[in-house]
Amino acid sequence: MAARIEHLVTSGTFSLDGGTWPVENNVWIVGDDAECVVIDAAHDADAILAAVGDRKLVAILCTHAHDDHIGAVGEVLAARDAPVYLHPRDAMLWDPMYPDAPPRPLAGGQRIAVAGLEFEVLHTPGHSPGAVCFYAPALGASGTLFSGDTLFHGGPGATGRSFSDFPTIIESISSKLLTLPADTVVLTGHGESTTIGDEAGHLEEWIARGH
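The written sequence of each chain sets the order in which its residues are numbered from 1. Since the coordinates come from a predicted model, pLDDT governs what is reported: local features require at least 70, and pairs of side-chain atoms require 80 or more to be given and counted, while whole-chain, interface and lining totals use all residues. Each side-chain value is worked out from all heavy atoms of the structure, with water and hydrogens disregarded.

- Taking an unreviewed UniProt entry as the reference, the chain is identified by name as MBL fold metallo-hydrolase belonging to Cryobacterium tagatosivorans.

Listed below in structure tokens is the structure:
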């Protein structure tokens, strides 16, 4: 059976730099009837575990380590034995939440397989130093990119808080994402989905507005 994408929207908070904000996150589960991965275990472990069901949980893949994207990791791991992958440059965000649970390292160009499908890890710093996207060219009719908080419908992820940088995220998007096929579907960390082609024409607009 071909790999499929399942989508959860979970609700909670995001805290950084002394502030806390309510957020809704997209959680993506990719696999078949036998096994799957969870991309960004956000907020609601019970909902995530219910969606995984009795399948083998191959891995939890983290696009970055802001607390709203990793808040349910601990509870999921308490129920299921699976590795967690995170780029090591986000250790300063991960370690305060999970000091005794070091993740496995991600690196640009790394490949992760599940259900006959392969993800390529794209290191896309800017929203955070260790932000990554997961690209699956064989998933869906025209390939799928799980962009985390690097690229959204309407522009790049936020860069106004600690450990983020606007020129860096623009470089990541322009050199690593907008070079993908235009009809690649982009499944984001928050909000609605988009495609590479729908966003590519707005790059200069984003640069001019500075966010």
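Having seen the structure, we can now continue with the description.
**Quick notes on the packing of aromatic side chains**
At step 1: By convention, a stacked pair of Phe, Tyr or Trp rings (six-membered ring in the case of Trp) has centres within 6.5 Å and planes under 30 degrees apart, an edge-to-face pair has planes over 60 apart, and any other such pair is tilted. In this structure the tally under the stated criterion is 5 aromatic pairs.
At step 2: With a centroid separation of 6.4 Å and 80° between ring planes, the pair formed by Phe 119 and Phe 134 is classed as edge-to-face. Pair noted here: Phe 119 is in strand S8 (residues 117-123) and Phe 134 is in strand S9 (residues 132-136), with a separation of 15 residues, a long-range link.
At step 3: Working definition: with a 1.4 Å probe on protein chains only, accessible area under 20% of the residue-type maximum means buried, over 50% means exposed, and in between means partly exposed. A relative accessible area of 0% means that Phe 134 is categorised as buried.
At step 4: Their ring planes at 65° and their centres at 5.9 Å tell us that Phe 119 and Phe 146 sit as a pair that is edge-to-face. One end of the pair, Phe 119, is in strand S8; the other, Phe 146, is in strand S10 (residues 144-148), with 27 residues separating them in the sequence. In this pair, the class of Phe 119 matches that of Phe 146, namely buried.
At step 5: In textbook terms, an aromatic cluster arises when at least three aromatic residues are bridged by ring pairs, as seen for Trp 28, Phe 119, Phe 134 and Phe 146.
At step 6: The cationic tip of Arg 161 hangs over the ring face of Trp 21; the distance from NZ or CZ to the ring centre is 4.2 Å. Under the scheme used here, helices are H or I runs from DSSP no shorter than 4 residues and strands are E runs no shorter than 2 residues, and both carry numbers assigned from the N terminus. The criterion is that NZ of a Lys, or CZ of an Arg, lies within 6 Å of the ring centre and within 35 degrees of the ring normal, and then a charge sits over that ring.

**Points about helix H5 (residues 166-177)**
At step 1: An expected span of 1.5 Å times one less than the residue number is assigned to each helix. In a regular helix each residue adds 1.5 Å, so 12 residues correspond to 16 Å; H5 covers 15 Å between its end C-alpha atoms and thus fits that length.
At step 2: Every buried residue of H5 is accounted for by Phe 166, Ile 169, Ile 170, Ser 172, Ile 173 and Leu 177. When H5 is viewed along its axis, its buried side chains cluster within an angular range of 160° and face the same direction. Regarding the arc, it is the one traced by the directions from the helix axis to the C-beta atoms.

**Some details on the side chain of Thr 194**
At step 1: Along the chain, Thr 194 turns up in strand S14 (residues 194-195).
At step 2: On the basis of relative accessibility, which here comes to 5%, the residue Thr 194 falls in the buried class.
At step 3: Any two residues having at least one pair of non-hydrogen atoms within 4.5 Å are treated as being in contact. Not counting the four nearest positions on each side in its chain, Thr 194 is found in contact with Phe 152, His 153, Thr 184, Val 185, Val 186 and Glu 199.

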